[in-house]
Amino acid sequence: MSSCIFCKIAAGEIPAQVVKKGDGMVAFRDLNPQAPTHVLVIPTTHLGSLNDAKDAAVLGKLMAFARDVALETGVASKGYRVVVNTNPDGGQTVFHLHLHVLGGRAMKWPPG
Ligand code: 5GP
Ligand code: ZN
């Protein structure tokens, strides 16, 4: 989608700190990190939100990719959190499906 900032990152049209890419997915560091490690995992094909992701295989691939990002950024063994904010009440601000991988500190529960 031409106006979508994450589509532009996926296409390399605007810069991002890419940590992993391949198989129709890209992982890059969040511009405003909420933890020492804060990486976003996106499909390169535009999907507005989790509600629009009808293909369970795509969701499985994204989750496995997020797990691999956690392993490769060194947060997996101590622990990390994967978050998918969905629509306004879920706190979604960028309407291209993304998984947040947060680690490097202990997370609190419940989330806000
Ligand atoms: P949401 O609130 O939609 O779940 O998360 C959107 C995330 O995208 C936020 O954590 C925000 O900091 C991040 N973000 C927004 N614009 C950019 C950008 O241009 N580059 C990067 N790397 N992250 C962005
Ligand atoms: Zn997009």
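Now for a quick tour of the structure. (Residues numbered from 1 in each chain as written. Chains lettered and ligands numbered in written order. Predicted model: local features only at pLDDT ≥ 70, side-chain atom pairs only at ≥ 80, totals over all residues. Heavy atoms only, no water.)

This part is about the side chain of serine 49. Position of serine 49 among the secondary structure elements: in the loop between strand S3 (37–43) and helix H2 (56–72). Residues within four places of serine 49 in sequence aside, it is in contact with Thr86, Asn87, Gln92 and Leu97. (Helix = DSSP H or I, 4+ residues; strand = E, 2+ residues; numbered from the N terminus. Contact = heavy atoms within 4.5 Å.)

For the rest of this paragraph, the subject is the site of ligand 1. The environment of ligand 1 is formed by 16 residues, the closest being Asp30, Asn85, Thr93, His98 and His100. Between a nitrogen atom of ligand 1 and a main-chain N or O atom of leucine 31, the distance comes to 3.2 Å. In the environment of ligand 1, an oxygen atom lies 2.9 Å from a nitrogen or oxygen atom belonging to the side chain of asparagine 85. Burial of ligand 1 by the protein amounts to 83% of the accessible area it has alone, namely 520 Å². Listing elements by their share of the shell around ligand 1, those giving two or more residues are helix H1 (5–10) and strand S2 (25–29). A per-element tally of the shell around ligand 1 places H1 first, with three residues. (Near = heavy atom within 4 Å. Polar contact = N/O pair within 3.5 Å; in protein donor to acceptor, adjacent residues only side chain to side chain. Areas by Shrake-Rupley, 256 points an atom, 1.4 Å probe, with all protein chains shown as cover.)

This part covers the sheet that holds S2. In a beta sheet, neighbouring strands pair by backbone hydrogen bonds and run either parallel or antiparallel. Strand order in this open sheet of five strands is S1-S2-S3-S5-S4, and the pairing throughout is antiparallel. Of all the strands in the sheet, just strand S1 (18–22) and strand S4 (80–83) have a single pairing partner and so form its edges. Direction aside, the axes of adjacent strands within the sheet are offset by 15° on average. Note: S3 against strand S5 (residues 99–103), five bridges, orientation antiparallel. Looking at S5, one finds that threonine 37 is bridged to glycine 103. (Pairing = 2+ DSSP bridges. Axes fitted to C-alpha atoms, helices over the stretch in contact; angles between N-to-C directions.)

Structurally, the position occupied by alanine 27 is in strand S2. Look past the residues within four positions of alanine 27 in its chain and what remains in contact with it is Gln17, Val18, Val19, Lys20, Val39, Leu40, Val41, Phe65 and Val69.

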